[in-house]
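Chain by chain, the residues:
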Amino acid sequence: MSSIPRFAHLHLHSEYSLLDGCIRAADLAAHLERHGMEAAAVTDHGSLFGAIEFYDTLSGAGLKPIIGMEAYLAPAGMAERSAVPGRPGYYHLTLLALDEEGYRNLCRLSSIGYIEGFHY
């Protein structure tokens with residue numbers, strides 16, 4: 001048994017999170033291997049644009065990819081664009097998929113956000 005505690009990044013923005021992340025999947029896989037980590041999650045802003053590349057790259061390197069996304073919750077609902085006095089304009093929520101059903105649910109949520117809301 002190793003004396004080094006196991007660690008996995010569960011909130012990480014890739015190059016697909018514009019202005020907030022820059023790591024590429026291949027560079028992340030190399031970093032994880034170099035530091036003895038076995039898994040990591042990608043949680044880009046409101047989208048799953050890099051999920052397949054992330055999954056394929058980490059799986060190909062023998063690592064466990066965890067697919068997720070950073071969702072935004074609007075206090076008054078996603079259709080309400082005006083600010084609510086005394087409240088933040090939105091809240092962040094990190095969502096992680098446990099399995100394929102969870103991935104499909106994330107796809108639905110992301111799509112709904114782009115089509116019906118995507119609060120700013």
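Check the entry above for the structure.
Conventions we followed
- Think of each chain on its own: its residues are numbered from 1, step by step along the sequence as written.
- It should be noted that, the model being predicted, local features are given only for residues of pLDDT at least 70 and side-chain atom pairs only at 80 or more, the latter also being counted only at that level, while totals for whole chains, interfaces and linings use all residues.
- Hydrogen atoms and water are omitted, and side-chain values are computed over all heavy atoms in the structure.
- Strands here mean DSSP runs of E at least two residues long; helices mean DSSP runs of H or I at least four residues long; both are numbered from the N terminus.
- Using a 1.4 Å probe on the protein chains alone, a residue whose accessible area is under 20% of its type maximum counts as buried, one over 50% counts as exposed, and one in between counts as partly exposed.
- Here, residues are in contact when the closest pair of their heavy atoms is within 4.5 Å.
- Accessible areas in this description were obtained via Shrake-Rupley with a 1.4 Å probe; residue shielding takes into account the shown protein chains only.
- Asp and Glu count as negative and Lys and Arg as positive, but His and the ends of the chain are not part of the count.
- A charge is said to be at NZ when it belongs to Lys, at CZ for Arg, at CG for Asp and at CD for Glu.
- Should DSSP find at least two bridges between two strands, the strands are taken to pair.
- The angle between two axes is taken between their N-to-C directions and runs from 0 to 180 degrees, where each axis is a line fitted to C-alpha atoms and a helix contributes only its stretch in contact.
- The working definition used for a salt bridge is a side-chain nitrogen of Lys or Arg within 4 Å of a carboxyl oxygen of Asp or Glu.
- Helix span is expected to be 1.5 Å times the residue number reduced by one.
- Polar contacts, as counted here, are pairs of nitrogen or oxygen atoms within 3.5 Å of one another; within protein the pair requires one atom able to donate a hydrogen and one able to accept it, and residues that are adjacent in sequence qualify only if both atoms are side-chain atoms.

K.L.:
Just checking my understanding: could you explain the overall build of the chain for this structure?
P.N.:
In terms of regular secondary structure, the chain is built from 3 helices and 3 strands. Secondary structure elements of the chain occur, N-terminal to C-terminal, as α-β-α-β-β-α. Reported as C-alpha extents along the three principal axes, the dimensions of the chain are approximately 50 × 25 × 25 Å. Put simply, the chain has 120 residues, and 32% of those count as buried. Within the chain, residue pairs in contact and separated by at least 24 positions form 66% of the contacts whose partners lie at least 6 positions apart. Accessible surface for the chain amounts to roughly 7900 Å². Of this, 60% is attributable to carbon and sulfur atoms. Computed over 8 positive and 14 negative side-chain charges, the separation of the two mean positions in the chain equals 3 Å.

K.L.:
What am I meant to see in the sheet that holds strand β2 (residues 64-73) here?
P.N.:
Whether parallel or antiparallel, the strands of a sheet pair through hydrogen bonds between backbone atoms. The sheet built from 3 strands is open, its strands ordered β1-β2-β3 with mixed pairing. Looking at strand neighbours, the two that pair on one side only are β1 (39-45) and β3 (91-96), the edges of this open sheet. When the angles between neighbouring strand axes are averaged without regard to direction, this sheet yields 25°. With 7 bridges joining them, β1 and β2 adopt parallel strand pairing. By the bridge assignment, Asp-44 is partnered in β2 with Met-69. Seen against the sheet, helix α3 (residues 100-116) touches β2 and β3 and runs at an angle of roughly 30° to β2.

K.L.:
Looking at this structure, I do not really get the pattern of salt bridges. What am I missing?
P.N.:
Two side chains of opposite charge can pair, provided their charged atoms sit close to one another. As enumerated under the stated definition, the model contains 3 salt bridges in all. Note that Arg-6 is salt-bridged to Glu-38, the shortest N-O span being 2.9 Å. Separated by 32 residues along the polypeptide, Arg-6 in the segment before α1 (25-34) and Glu-38 in the loop between α1 and β1 bring together distant segments of the chain. Assessed through its relative accessible area of 73%, Arg-6 is described here as exposed. Between Glu-100 and Arg-104 there is a salt bridge, with its nearest N and O atoms 2.6 Å apart. Within this pair, Glu-100 and its partner Arg-104 are both found in helix α3, separated by 4 residues, close to a single helical turn. The exposure class of Glu-100 is exposed, given its relative accessible area of 53%. Residue classification places Arg-104 among the partly exposed positions, given a relative accessible area of 46%.

K.L.:
Any chance you could explain the environment of Leu-95 here in plain terms?
P.N.:
Within the secondary structure, Leu-95 sits in strand β3. Contact partners of Leu-95, with chain neighbours within four places excluded, come to Ile-67, Gly-68, Met-69, Ala-71, Leu-106 and Leu-109.

K.L.:
Before we go on, may I ask you to explain α3 in this structure?
P.N.:
In an α-helix there are 3.6 residues to a turn, and that puts residues three or four apart on one side. Counted at 1.5 Å a residue, the expected span for α3 with its 17 residues is 24 Å, and the 24 Å between its end C-alpha atoms agrees. The elements touched by buried residues of α3 are β2 and β3. For α3, the N-terminal capping position is held by Asp-99, with its side-chain oxygen 3.2 Å away from the main-chain nitrogen of Glu-101.

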